There are 2 protein chains.
Amino acid sequence: MGEPAGIGGEILIKAALAARARHLPTFFAIDDPERLRALADQMGARVSIEPIAAPGDVAGLPEGTLGVLPLENPVEAVPGRPSATTAPQVIRSIETAVALARRGAACGIITNPIQKSVLYEAGFEHPGHTEYLGHLLRPAQPPVMMLAIEGLKVVPVTVHLPLSAVAGSLRIESILLTAKTVLGALARDFAIPKPRLAVAALNPHAGEGGALGPEEGKIIQPAVAALRALGHDVRGPYPADTLFHAGARETYDAALCMYHDQALIPLKTLDFERGVNITLGLSIVRTSPDHGTALDIAGTGQASAESLIAAIETAASIARNRRAAP
Amino acid sequence: MGEPAGIGGEILIKAALAARARHLPTFFAIDDPERLRALADQMGARVSIEPIAAPGDVAGLPEGTLGVLPLENPVEAVPGRPSATTAPQVIRSIETAVALARRGAACGIITNPIQKSVLYEAGFEHPGHTEYLGHLLRPAQPPVMMLAIEGLKVVPVTVHLPLSAVAGSLRIESILLTAKTVLGALARDFAIPKPRLAVAALNPHAGEGGALGPEEGKIIQPAVAALRALGHDVRGPYPADTLFHAGARETYDAALCMYHDQALIPLKTLDFERGVNITLGLSIVRTSPDHGTALDIAGTGQASAESLIAAIETAASIARNRRAAP
């Protein structure tokens, strides 16, 4: 469901409408069917919305029907006005999805955007989806956020930090941990037997031999060397401005970036609509559209479903690859 | 000329070969004609190279001929091996170009890449071309580096700094100075009567109201407000990852960035071959290809002339706009 006052419901309905023509994998919602029906009516969307009692019931629905596993109570939300009163239902939707995926009743979960400020008011204590899933699933290593579009996968080693704190937060160990999770996921989730990881430098011109910063020599190069010594195809650090053009993108399967905007600028410059957020290193498959709740346009029917559609396709693809993995 | 052991000569010859078919504006080289002839022979390039005594002589040359204003002495260079012995000639070529442009004998100058390390050995004391031109021309304000491709112009406020030093180096005053030079150049050099400047944030998510860094609120927003109070169409700070996709690029004429890679990542991601470096705020017109001397491929004939060709076209376009300006 995600935040019910945001665009989640609209893009879900648009994805359901597109499901047949675009051959989307089977998916169902965890939400309030009445809320989604009202939303579809308001959008003039000709989609049939049917409550289901269990995930398996989706198979029996007529083509073009969106199956909805109902939350316990009706969800009452005003587009553009998130309220703490729906926060328990937002959290319940995530918990239900995780539980279904854990017991194999769903092959993965796709989370619509949440409004963190509202969840905090209701006592939610995690910085975001990724950390909450880490809390629910307790993986051996911290989960890692990957952003993907067609032809480019990026992973930031540091994420939500002020730019001034980035250099001081980089550690050889955190680069190693992140890189290993990424390499494992490229092999298992993306079926790339010998994954190639390119590592971005932190400083302009990759530090110009130390003249423009010490981090390449002291932190990034030793991390790359340690990964290569383990037999991984890891290269860099490369000047970040030369790492994302079409020719460069062909030389690696994912780019490990040192900070948020270094990863997100090239990705969103190339494709602003279809980015997918993927959580690596979890026992279950989890993807998400790479945008927020877009409260400013919620209820207008304007929101694009492309990122959600890509997230649904990516989740199914990862699940297939995991099933096929040795 | 630029560094004679680099790819400058090759791309110059390629540009001369392309001049007729691509309707390039008239240009001439300041170099050693014998060196260029030997290079053209080696490349199997059918281009006629003729010494000229003065810029005006170019008009009398047959179509397809590259006019060369000779340096005083022969230039002896080995591709890939820059030497301090040619450094005085590299500097002389720049000085001659500047002098010709100052007295109107040329409408602008295009500088091929130089090898700074070799110039330093010979006693050159400037960090690069831009600063050297500032030294020669003494503009009222420091010159500003713009990078441009079709559909995107970017200007970094800080340039060659370690990433860890960027936040501490930002000042309201330096943003104002840089923005004013850019706005003036957009009007005069690019013939945009009401230029629109978009300003990038420093921190991820534009600092999220201070949670991810104070610089937006303390430095960038006040600078934007001051520029708007002067009547300029300046907007921001915008999260940098949402500023460079196709839709966003249509909303401004140039993007003011806070650091090197923030400006260069989107530009080189979108077009790695055709970037042009433009020095704003000088009395003369100066452009340059946006790449280095490429010593590793010098002499092989592989280097692309696209960036140099774009630099020649851009210089001519700026000169035309300056002549037409009120």
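Quantities reported herein were computed from a predicted structural model and do not represent experimental measurements.

About the cut-offs
Residues numbered from 1 in each chain as written. Chains lettered and ligands numbered in written order. Predicted model: local features only at pLDDT ≥ 70, side-chain atom pairs only at ≥ 80, totals over all residues. Heavy atoms only, no water. Pairing = 2+ DSSP bridges. Helix = DSSP H or I, 4+ residues; strand = E, 2+ residues; numbered from the N terminus. Axes fitted to C-alpha atoms, helices over the stretch in contact; angles between N-to-C directions. Salt bridge = Lys/Arg side-chain N within 4 Å of Asp/Glu carboxyl O. Buried < 20%, exposed > 50% of the residue type's maximum accessible area, 1.4 Å probe, protein only. Contact = heavy atoms within 4.5 Å. Buried area = accessible area lost by both parts, 1.4 Å probe. Polar contact = N/O pair within 3.5 Å; in protein donor to acceptor, adjacent residues only side chain to side chain. Nonpolar A, V, L, I, M, F, W, Y, C, P; charged D, E, K, R; others polar. Least-squares fit on C-alpha atoms with pLDDT ≥ 70 in both. Right-handed = clockwise from strand over helix to strand, strands pointing away. Core = buried A, V, L, I, M, F, W, Y, C linked by side-chain atoms within 4.5 Å.

Draft legend 1. Main features of the sheet that holds strand S2 (residues 48–51) of chain B. All names here are of chain B. Strand order in this open sheet of three strands is S1-S3-S2, and the pairing throughout is parallel. Only two strands of the sheet have a single partner each, and these edge strands are strand S1 (29–31) and S2. The sheet shows a mean angle of 40° between the axes of neighbouring strands, taken without regard to direction. Across three bridges, the pairing between S1 and strand S3 (residues 65–70) is parallel. Bridged to isoleucine 30 within S3 is leucine 69.

Draft legend 2. Summary view of the pattern of salt bridges. The full count for this structure, using the stated rule, is 26 salt bridges over all chains. Residues A:Lys268 and B:Asp241 are paired through a salt bridge, measuring 3.7 Å at the closest nitrogen-oxygen approach. Residue A:Lys268 is located in helix H10 (residues 260–270), and its partner B:Asp241 is located in the loop between strand S8 (233–238) and helix H9 (246–249); the two belong to separate chains. Across the pair, B:Asp241 and A:Lys268 agree in class, each one buried. A salt bridge links B:Glu306 to B:Arg22; its shortest N-O distance comes to 2.8 Å. Taken together, the residues B:Glu306 in helix H11 (residues 306–324) and B:Arg22 in the loop between helix H1 (8–18) and S1 connect sequence positions 284 residues apart.

Draft legend 3. Molecular detail of the interface of chain A and chain B. Counting residues at the interface gives 32 residues for chain A, matched by 32 residues for chain B. With both chains or domains summed, chain A and chain B bury close to 2800 Å², and 67% of this area falls on carbon and sulfur atoms. At the surface where chain A touches chain B, the tally comes to six residue pairs in polar contact (both at pLDDT 80 or more). Looking at the side of chain A that touches chain B, the elements that each hand over two or more residues are helix H6 (163–169) and H10 of chain A. Ranked by the residues each element gives to the side of chain A that touches chain B, the list is headed by H10(A), at nine residues. Taken together, the residues of the side of chain A that touches chain B break down into 17 nonpolar, ten polar and five charged.

Draft legend 4. View of helix H5 (residues 129–137) of chain A. All names here are of chain A. Turning to H5, its buried residues are His129, Thr130, Tyr132, Leu133, Gly134 and Leu137. For H5, the secondary structure elements touched by its buried residues are helix H3 (87–102), strand S4 (109–110), strand S10 (276–280) and strand S11 (286–289). Looking one or two places after H5, you find arginine 138, whose phi comes out positive at around 45°.

Draft legend 5. Highlighting the environment of A:Gly2. Residues and elements named next belong to chain A. Note that glycine 2 resides in the segment before helix H1 (8–18). Residues glycine 2 and glycine 292, spaced 290 residues apart in sequence, show a C-alpha to C-alpha distance of 10.0 Å. Discounting residues that sit within four places of it in the chain, glycine 2 has contacts with Val90, Asn112, Pro113 and Ile114.

Draft legend 6. Here's a closer look at the relation of the copies chain A and chain B. Relative to chain B, chain A is turned by 180° and slid 0.0 Å along the rotation axis, the superposed coordinates differing by an RMSD of 0.0 Å. Taken together, the rotation and translation describe the operation of a two-fold axis. Most of the interface of chain A is mirrored in chain B, where 100% of its interface residues are also at the interface.

Draft legend 7. The pairing of strand S7 (residues 196–200) of chain B, seen in detail. Residues and elements named next belong to chain B. Across the five residues that make up S7, a large majority, four, are buried. Two elements, S7 and S8, share four bridges in a ladder whose sense is parallel. Note on S8: the bridge partner recorded for arginine 196 is aspartate 233. With respect to chirality, the unit in which S7 leads through helix H8 (residues 215–229) into the neighbouring parallel S8 is right-handed. Two strands pair when backbone bridges link them, and S7 and strand S9 (residues 254–257) are joined in this way by three bridges, in the parallel orientation. Opposite valine 199, over in S9, you have leucine 256 as the bridge partner.

Draft legend 8. Examining unusual backbone geometry more closely. Residues and elements named next belong to chain A. Here the residue pair glycine 236 and proline 237 is connected by a cis peptide bond, since its omega of -5° sits within 30 degrees of zero. Looking at where proline 237 falls in the secondary structure, it is placed in strand S8 (residues 233–238). Here alanine 294, not a glycine, exhibits a phi torsion of approximately 50°, which is positive.

Draft legend 9. Fine view of the environment of B:Gly123. The residue B:Gly123 is located in the loop between helix H4 (116–121) and helix H5 (129–137) in this model. C-alpha separation for the pair B:Gly123 and B:Leu308, spaced 185 residues apart in sequence, amounts to 27 Å.

Draft legend 10. Spatial organisation of the nonpolar core. Counting 80 residues, the largest nonpolar core has A:Val182 and B:Val182 as its most contacted members. Non-local contacts of A:Val182, meaning those with residues more than four positions away in its chain, are made with A:Val144, A:Met146, A:Val155, A:Leu197, A:Ala254, A:Leu256 and A:Leu280. The next biggest cluster of nonpolar side chains, apart from the first, holds 34 residues, and it includes A:Leu152, A:Ala200, A:Ala255 and B:Ala200.

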